[in-house]
Amino acid sequence: KQCPHCGETTQGKFPPGVTEPIQYGPRIKAQAAYFNQQHHVPLERTQEILEDLYGHAPADAVVIATCQTLETKTAPVHAAVKAHLSHTPAPVHCDETGMRVAGKLQWGHVTSTEQVTYLEVHAKRGKEALDDIDILPHRKGRIIHDGYSAYDKYEELLHGRCNAHHLRELIFIQEQHQQAWAGDLVKVLVEAKRAVDEAKAQGLAALAESLQVDFDRRYDEILDQGLLANPPPPDPPEKKRGRKKQSKAKNLIDRLQAHKPEVLAFMYDFKVPFDNNLAERDLRMVKVKQKVSGCFRTETGAHTFCRIRSYISTARKNGQRVLAALEAALLGAPFYPAFLTPATQAE
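(A) Here's a closer look at the side chain of Gln37. Residue placement: Gln37 occurs in helix α1 (residues 26-38). Not counting residues up to four positions away in its chain, the partners in contact with Gln37 are Cys67, Phe305, Ile308, Arg309 and Ile312.

And the structure:
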């Protein structure tokens, strides 16, 4: 501005962080990512919301670039969470679900605890993917899962099986095949869970030994009854290859017997949860995103989504407001849970 009296020209300075003639601030960008990634609002509708709020609609490229920036800014948190999951003594929950990415079936894998979430997309579902994700190969503690065979290949780990899955299978056998033993086993598992919950509420560190012995005995007796109702199938003809085909009930009984310590792990160790619902909740947003958008158009977009959702989930588990956590990340100071010490944070 030129002074009309003395003729001196004075040029003002933009606020810190403003480097372009047209620029969106971190709060507006955080809101765009919040609508798009937290609430799965498509790009076009995200633009409409921002236009209604502020009288201006950012281009698609702005929202996409913001999400990619968030992926970069939160990468150290992602690495710190991964390191934590590799070594924490707390039980770690694992699960996977199908994802349509660039017209192909890929898999979203989650590894999580009550405090952190790590999501990753991979072309494979099994052990190859788990090895590439590179958490389970370093663990020495317990993992909780639904019994998918890839997890069992980590024989050096302690395992816990999801009893919510077992209850669903047992109820199906009871209702569809009228096998009473299945209903009896449901009662035993539910009673054992209730006894554990009551013991925890009383501040006890373990279930009374007499109760453990009783539940253990009833578990075995009921499975023996199940075997009487579901004898092994006859041997196939000599020329026919392959395993003998068994009923669903017999397959379930075999699994419940072979993996009894993992099924009842919650009863012997109070740190072990009864089910794997935590991992299923952490994966649910992947399915919601696909219901809204149909698929992920690119692999880059799928990876970005998983990284941001990991950060959002971790922030929420630690009592943080999502919008504030996103804005902090864009400002270069992403949220770290307090227990992620500098030694476990990525450089």
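Structure's up, so let's keep going.
(B) Region of interest: the nonpolar core. Among the nonpolar cores identified, the biggest contains 32 residues, and Leu70, Val81, Leu85, Leu136, Tyr311 and Leu326 are the most heavily contacted of them. Elements represented by at least two residues in this core include exactly α1, α3 (60-73), α4 (75-87), β1 (92-101), α5 (127-133), α6 (149-152), α14 (299-317) and α15 (322-330). When neighbours within four sequence positions are excluded, Leu70 is seen to be in contact with Ala33, Ile308, Leu326, Ala329 and Leu330. Residues Ile144, Trp181, Leu185 and Phe215 belong to the second largest nonpolar core, which totals 31 residues.

(C) Fine view of unusual backbone geometry. Of note, Ala102 is a non-glycine position whose phi angle comes to about 50°, a positive value. With respect to the element layout, Ala102 can be found in the loop between β1 and β2 (104-112). Residues other than glycine seldom take positive phi values, yet Gln178 does so here, at roughly 50°. Here Gln178 is to be found in the loop between α7 (163-177) and α8 (180-201).

(D) Here's a closer look at the sheet that holds β2. Pairing is mixed in the open sheet, where five strands are placed in the order β3-β2-β1-β4-β5. The strands lining the two open edges of the sheet, one partner per strand, are β3 (117-122) and β5 (158-161). Neighbouring strand axes in the sheet, compared pairwise and without regard to direction, differ in orientation by 30° on average. The strands that α14 touches are β1, β2 and β3; relative to β3, the one it contacts most, it runs at about 170°.

(E) Fine view of the packing of aromatic side chains. Tallying each qualifying case throughout the model produces four aromatic pairs. Seen from their ring centres, Tyr148 and Tyr151 are 6.0 Å apart, and the 80° between their planes marks the pair as edge-to-face. Consider the rings of Phe266 and Phe274, whose centres lie 4.9 Å apart with planes at 85°: the pair is edge-to-face. A single burial state applies to Phe266 and to Phe274, both of which are buried. In this structure, Arg125 is placed above the aromatic ring of Tyr148, and the distance from its NZ or CZ to the ring centre is 4.0 Å. The positively charged end of Lys127 is found above the aromatic ring belonging to Tyr154, 4.8 Å away from the centroid.

(F) Broad picture of helix α13 (residues 277-293). With 17 residues, α13 ought to run about 24 Å at 1.5 Å a step, and its terminal C-alpha atoms sit 25 Å apart, in line with that. Largest kink in α13: about 30°, centred on Leu283. Along α13, the positions that sit buried rather than exposed are Leu278, Ala279, Asp282, Leu283, Val286, Lys289 and Gln290. The inward-facing, buried residues of α13 contact α1, β1, β2, β3 and α14. Once α13 ends, the next one or two residues include Gly294, with phi positive near 90°.

(G) Focus on the pairing of β1. Burial analysis of β1 places nine of its ten residues in the buried class, which makes it a mostly covered element. As paired strands, β1 and β2 are joined by nine bridges and run antiparallel to one another. When the sheet's bridge partners are listed, Asp95 is paired in β2 with Val110. Here β1 folds back onto β2, and the loop between the two strands holds two residues, one of which, Ala102, carries a positive phi near 50°.

(H) Local environment of a negative patch on the surface. A surface patch of like charges, here negative, comprises Glu44, Glu48, Glu51, Asp52 and Asp60. No other element matches helix α2 (residues 43-54), which puts four residues into the negative patch. Inspection of the secondary structure puts Glu51 in helix α2.

(I) Just the side chain of His122, in detail. By the secondary structure assignment, His122 is in strand β3. Within polar-contact distance, the side chain of His122 engages the side chain of Asp132 at 2.9 Å. Among all residues touching His122, those that are not within four sequence positions of it are Gln106, Trp107, His109, Glu128, Ala129 and Asp132.

Procedures and definitions
- Residues numbered from 1 in each chain as written.
- Predicted model: local features only at pLDDT ≥ 70, side-chain atom pairs only at ≥ 80, totals over all residues.
- Heavy atoms only, no water.
- Helix = DSSP H or I, 4+ residues; strand = E, 2+ residues; numbered from the N terminus.
- Contact = heavy atoms within 4.5 Å.
- Core = buried A, V, L, I, M, F, W, Y, C linked by side-chain atoms within 4.5 Å.
- Buried < 20%, exposed > 50% of the residue type's maximum accessible area, 1.4 Å probe, protein only.
- Pairing = 2+ DSSP bridges.
- Axes fitted to C-alpha atoms, helices over the stretch in contact; angles between N-to-C directions.
- Phe/Tyr/Trp six-rings, centres within 6.5 Å; stacked < 30°, edge-to-face > 60°.
- Lys NZ or Arg CZ within 6 Å of the ring centre and 35° of its normal.
- Expected span 1.5 Å × (residues − 1).
- Bend = angle between axes of the 7 residues up to and from the residue.
- Patch = residues over 30% accessible without salt bridge, like charges linked within 9 Å, V, L, I, M, F, W, Y side chains within 5 Å.
- Areas by Shrake-Rupley, 256 points an atom, 1.4 Å probe, with all protein chains shown as cover.
- Salt bridge = Lys/Arg side-chain N within 4 Å of Asp/Glu carboxyl O.
- Lys, Arg positive; Asp, Glu negative; His and termini not counted.
- Charge placed at Lys NZ, Arg CZ, Asp CG, Glu CD.
- Polar contact = N/O pair within 3.5 Å; in protein donor to acceptor, adjacent residues only side chain to side chain.

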